[in-house]
Amino acid sequence: AVRVTDSGVQTAAWLRFYSAWAESMRAQLDSRPGHVSVPLAALRVNDEVWLHLPGEVFTALGQAITARSPFAKTVVTTLFGPFIGYLPDAEDFAAGGYAATLVPRILQMPPYSPALGDALVTGALALLESLES
């Protein structure tokens, strides 16, 4: 538990939180892969497609996909497959935002790479393009 008072957040609680996360990461060093693969899925019905993405995807990433989709109507849904937290855009990484920095630690995961958004958009567009024929 983190105690919040009028003077702010209790530093000792944050130290315990980050210490526990660091210990968890050290324990996983030998068994964690260098990257994480997650499933993407799409369903095409005539000239529209439903794209299913993992985690809670930032709106800007979904908009980047729909803007470049080869389909006239592309519906992006999230929280498909295993829960991997928020999938932030470049702005959140640049700002050191909650989704890019704190959420992976809450989930006992290594921090995401700022390349995450580009990789997700590229993968999603490749999947959509494979449905064109």
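Per chain, residue numbering runs from 1 following the sequence as it is written. Restriction of local features to residues with pLDDT of at least 70 applies here, the model being predicted, together with a cutoff of 80 or more for giving and counting side-chain atom pairs; totals for whole chains, interfaces and linings are based on all residues. Each side-chain value is worked out from all heavy atoms of the structure, with water and hydrogens disregarded.

J.: What am I meant to see in the sheet that holds strand β3 (residues 41–45) here?
T.: The strands making up a sheet are joined through hydrogen bonds of the backbone, oriented either antiparallel or parallel. Only strands that DSSP links by at least two bridges are regarded as paired with each other. Strands are runs of DSSP state E lasting at least 2 residues, helices are runs of H or I lasting at least 4, and numbering of each runs from the N terminus. With mixed pairing, the three strands of this open sheet are ordered in space as β3-β4-β6. The open sheet has two free edges, formed respectively by β3 and β6 (73–77), since each of these has just one partner strand. Neighbour to neighbour, the strand axes of the sheet diverge by 15 degrees on average, direction disregarded. What makes two residues a contact is simply this: any of their non-hydrogen atoms within 4.5 Å. Between the N-to-C directions of two axes lies an angle of 0 to 180 degrees, each axis being a line fitted to C-alpha atoms and, for a helix, fitted only over the stretch in contact. Helix α6 (residues 116–130) rests against β3, β4 (48–52) and β6 of the sheet, and its axis sits at about 145 degrees to β4.

J.: Looking at this structure, I do not really get helix α1 (residues 11–28). What am I missing?
T.: Think of an α-helix as 3.6 residues a turn; residues three or four steps apart then line up on the same face. Look at α1: 26 Å from first C-alpha to last across 18 residues, which is about the 26 Å you get at 1.5 Å a residue. Buried residues are those whose accessible area, probed at 1.4 Å on protein chains only, stays under 20% of the maximum for their type, while exposed residues exceed 50% and partly exposed ones sit between those limits. Within α1, the full set of buried residues consists of A13, W21, S24, M25 and Q28. One face of α1 carries all of its buried residues, which in axial projection span an arc of 110 degrees. In α1, those exposed residues whose orientation departs by more than 90 degrees from the buried face are T11, L15, R16, E23, R26 and A27. Where α1 is buried, its residues contact α5 (103–106). Multiplying 1.5 Å by the residue count of a helix minus one yields the expected span of that helix. The directions considered for the arc are those from the helix axis to the C-beta atoms.

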